[in-house]
Protein chains: 2
Amino acid sequence: MREEQNKRKQEILTIAARIFRQKGYNATSMNDLAKECGLFKGSLYHYFKNKEEILQEVIQPYFEYLLPHLEAIDSSKMTPTKKLRMSLEIQMRAIEANRDAVSVALREDRAVGNPYREEYIAKRNRLEDHLVAILEEGIEKGMFRKLDIRMMSKAILGMCNWATVWYSSSGRLSSKAIADHFTDLAISGLKNKHLSRLD
Amino acid sequence: MREEQNKRKQEILTIAARIFRQKGYNATSMNDLAKECGLFKGSLYHYFKNKEEILQEVIQPYFEYLLPHLEAIDSSKMTPTKKLRMSLEIQMRAIEANRDAVSVALREDRAVGNPYREEYIAKRNRLEDHLVAILEEGIEKGMFRKLDIRMMSKAILGMCNWATVWYSSSGRLSSKAIADHFTDLAISGLKNKHLSRLD
C-alpha cells in the first residue's frame, strides 16, 4: 500500500516537473496540477502539503544526485582536466535523466521562497564553486592558462545549463556525447592560447 | 502630446520586462502590470490591446537590434574569427542594454503564442544559424578544427544566453570584457586541439 502511494507520488512529481517547466511555477495552480494528474484537488493535498512542497520535491533529486558526485570529484586525485570532464558528464547526465526537473531547478529560481531559499542558493552556488576550484587547481598546476576564473566558470556552466532549453531525449546525441563535445571545446580553450587577434 | 504618450509607453514596457522576468509572463496579469505602473487597468488598455501585445513589444526590440547586426556580420569580408568576436560582443551588448527584455525574449519562449509564434521561432533560429554559418566558414577555411558544428553553436549560445541569468549591470565587467573572455575561450577551443585525453 505504501509502495503504491510512493509510486503515485512519483508520477505526480513527473507531471508537476513538466507543467512547471512548460507553464512556469507561478502560473500553475494546484487545480491545474490536479487536473493534469487526473485527481481531485483534495487528493493532491493527500500527497503534498502545498505547492511549495511539490516544487521542493521536484528540485531536490537534482541536487541530491549532483552534489555527492561533485564532492567525489573534488576530493579525488584526478587531474583538473579529468575532473572537468567528469563534472560535465554528470551535469549533462542529470539533464538527460530528467530534463523537466533540472529546468525547473535551474530556471525557476525566482519561485523558491522561504524557508527553502537560503539552502537552495547555497546548493546552486556549490556548482559554480566546484568549477572555480577545478579551474584554480588547473591554473596552479600550470595545466590551464591564467584566465578569468569566474568568467570561465560561467561560460562552462552556461554551455551545460542552457541545454535545459534545447536538450531532447530523442535528439541525435547522448548526454555523454554532448558532454564530450563541450569538454573538448572547454579544455582546448583553457589550455591553448590563440595568440593572434588579427585573423 | 504624442511624445509624452510614447515616453509613458516605454516606461510601461521597461516595467513589464522586469515583471515578466521576475514573475514569469504567464503568472503576470494585466492587473499586476497596471498596479506596478501606477495606472488603472483601463489606462493600460489605452496603450496596448492586450498582454500578448505587451510581450511582443518587450521582445521585438531585442530582435530588431540583433538581427541587422548579425546580417552585417554575415555579409562582411571579416575572417570567421573576427565574425565570432563581433557576434559575441553584439549578443552581450544586447543583454547589457536591457537584460530584462533579453531574458524574456530568450526564456519566456513558451509564452509566445499565435499569431506571433512562427515568426518568433524563425528569428530565434536565425541566431543559431548565424553561428553555424561562421563555424562552417571557419572549418572550410582551415581556421577552426572539424568539430560538431551544431554542438559548438549551442555551447557558444549557451555561454551568452545563460548570462541573462547572472548578468548584472553593477557587476565587475562590462559586456565588452565578458564577450572578450568568452571569445578567447571559444576561439582558442575551436582552433587548437588538446590531444591527450590522459592528463
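Basis of the calculations
Residues numbered from 1 in each chain as written. Chains lettered and ligands numbered in written order. Predicted model: local features only at pLDDT ≥ 70, side-chain atom pairs only at ≥ 80, totals over all residues. Helix = DSSP H or I, 4+ residues; strand = E, 2+ residues; numbered from the N terminus. Buried ≥ 20, exposed ≤ 12 C-beta atoms within 10 Å, placed from the backbone. Contact = placed C-beta atoms within 7 Å. Core = buried A, V, L, I, M, F, W, Y, C linked by C-beta atoms within 7 Å. Nonpolar A, V, L, I, M, F, W, Y, C, P; charged D, E, K, R; others polar. Axes fitted to C-alpha atoms, helices over the stretch in contact; angles between N-to-C directions. Parallel < 35°, antiparallel > 145°, perpendicular 65-115°, else oblique. Left-handed = near helix turned anticlockwise from the far one by under 90°. Least-squares fit on C-alpha atoms with pLDDT ≥ 70 in both. Expected span 1.5 Å × (residues − 1). Bend = angle between axes of the 7 residues up to and from the residue. pLDDT = per-residue confidence, 0-100.

Undergrad: Any details on the overall build of chain A? Residues and values, ideally.
TA: What chain A contains, in helices and strands, is nine helices and zero strands. Each helix and strand of chain A, ordered N terminal to C terminal, gives the series α-α-α-α-α-α-α-α-α. Projected onto its principal axes, the C-alpha coordinates of chain A cover approximately 65 × 35 × 30 Å. By the burial criterion, 39% of the 199 residues in chain A qualify as buried. Within chain A, contacts between residues separated by at least 24 positions form 73% of all contacts whose residues are at least 6 apart in sequence.

Undergrad: Tell me about the nonpolar core, and name the residues and values.
TA: What tends to happen in soluble globular proteins is that the nonpolar side chains get buried as a cluster. Grouped together as the largest cluster of nonpolar side chains are 102 residues, with contacts concentrated most on Ala16, Val58 and Phe182 of chain A together with Ala16, Val58 and Phe182 of chain B. Excluding anything up to four places from it in sequence, Val58 of chain B contacts Leu13, Ala16, Ala17, Phe20, Ala101 and Val104 of chain B.

Undergrad: Describe the interface of chain B and chain A, with residues and values.
TA: Buried accessible area, meaning the area lost when the parts come together, often serves as the stated size of an interface. Taken together, the contact pairs 35 residues of chain B with 35 residues of chain A. Residue assignment for the side of chain B that touches chain A shows that the elements contributing at least two residues are helix 1 (2-23), helix 8 (149-161), helix 9 (163-166) and helix 10 (175-191) of chain B. When residues of the side of chain B that touches chain A are assigned to their parent elements, the largest contribution, nine residues, is made by helix 10 of chain B. Of the residues belonging to the side of chain B that touches chain A, the class tally is 15 nonpolar, 12 polar and eight charged.

Undergrad: Go over the environment of Val165 of chain B with me, naming the residues and quoting the values.
TA: Along the chain, Val165 of chain B falls in helix 9. With 58 residues separating them along the chain, Val165 of chain B and Arg107 of chain B place their C-alpha atoms 9.6 Å apart.

Undergrad: How would you sum up the packing of helix 7 (residues 117-140) of chain B against helix 8 of chain B? Please name residues and give values.
TA: All names here are of chain B. As a packed pair, helix 7 and helix 8 sit with axes 9 Å apart at the nearest point and diverge in direction by 125 degrees. The pairing of helix 7 with helix 8 is recorded here as oblique in orientation. For the element pair helix 7 and helix 8, the recorded crossing hand is right-handed. Here Leu127, Glu128, Leu131, Val132, Leu135 and Glu136 of helix 7 come into contact with helix 8, specifically with Ile149, Arg150, Met152, Ser153, Ile156 and Leu157. Looking at the contact of helix 7 with helix 8 residue by residue, the classes come out as eight nonpolar, one polar and three charged.

Undergrad: Report on the packing of helix 5 (residues 80-97) of chain A against helix 8 (residues 149-166) of chain A, specifying residues and quantitative values.
TA: Residues and elements named next belong to chain A. Their axes nearest at 10 Å, the elements helix 5 and helix 8 cross at an angle of 15 degrees. Judged by the inter-axis angle, helix 5 sits roughly parallel to helix 8. The two elements helix 5 and helix 8 cross, and the hand of that crossing is right-handed. The residues of helix 8 that touch helix 5, namely those facing Leu88, Gln91, Met92 and Ile95, are Cys160, Ala163 and Thr164. Considering only residue class, the contact of helix 5 with helix 8 consists of five nonpolar, two polar and no charged.

Undergrad: Now, about the relation of the copies chain B and chain A: what can you tell me, with residues and values included?
TA: Each copy superposes on the other: chain B lies on chain A with an RMSD of 0.0 Å after a rotation of 180 degrees and an axial shift of 0.0 Å. Those values place the two copies in the arrangement expected of a two-fold rotation axis. Most of the interface of chain B is mirrored in chain A, where 100% of its interface residues again form contacts.

Undergrad: I'd like to hear about helix 1 (residues 2-23) of chain A, residue by residue, with values.
TA: All names here are of chain A. Compared with an ideal rise of 1.5 Å per residue, which puts 22 residues at 32 Å, helix 1 spans 31 Å between its outermost C-alpha atoms and is within 8% of the ideal. Here the buried face of helix 1 lies against helix 2 (30-37), helix 3 (41-47), helix 4 (51-74) and helix 6 (99-107). Positive phi appears at Gly24, one or two residues downstream of helix 1, with a value of about 95 degrees.

Undergrad: Would you mind going over helix 8 of chain A in detail, with residue names and values included?
TA: Residue and element names in this part refer to chain A. End to end, helix 8 covers 26 Å across 18 residues, agreeing with the expected 26 Å (1.5 Å per residue, within 8%). Taking the largest bend as the criterion, helix 8 deviates by roughly 30 degrees, centred on Gly158. With 13 of 18 residues buried, helix 8 is to be regarded as a mostly interior element.

Undergrad: Describe in detail the environment of Leu190 of chain A, supporting the description with residues and values.
TA: Residue and element names in this part refer to chain A. Summarising the element assignment, Leu190 is placed in helix 9 (residues 175-191). Here Leu190 falls in the buried class, since 27 other C-beta atoms lie within 10 Å of it. Sequence separation between Leu190 and Gln91 is 99 residues; the distance between their C-alpha atoms is 19 Å. Not counting residues up to four positions away in its chain, the partners in contact with Leu190 are Gly138, Phe144, Arg145, Leu147 and Met152.

Undergrad: So what about the confidence of the model for chain A? Which residues, and what values?
TA: Confidence in the prediction for chain A averages 93 pLDDT; 96% of positions are at 70 or higher. Model confidence for the complex is summarised by a pTM of 0.93, with the ipTM given as 0.92.

Undergrad: Break down the environment of Ser188 of chain B for me, citing the residues and quoting the values.
TA: Residue and element names in this part refer to chain B. Relative to the assigned elements, Ser188 resides in helix 10. Taking the number of C-beta atoms within 10 Å as the measure of exposure, Ser188 has 21 and is therefore buried. Along the sequence, Ser188 and Lys82 sit 106 residues apart, while their C-alpha atoms lie 13 Å from each other.

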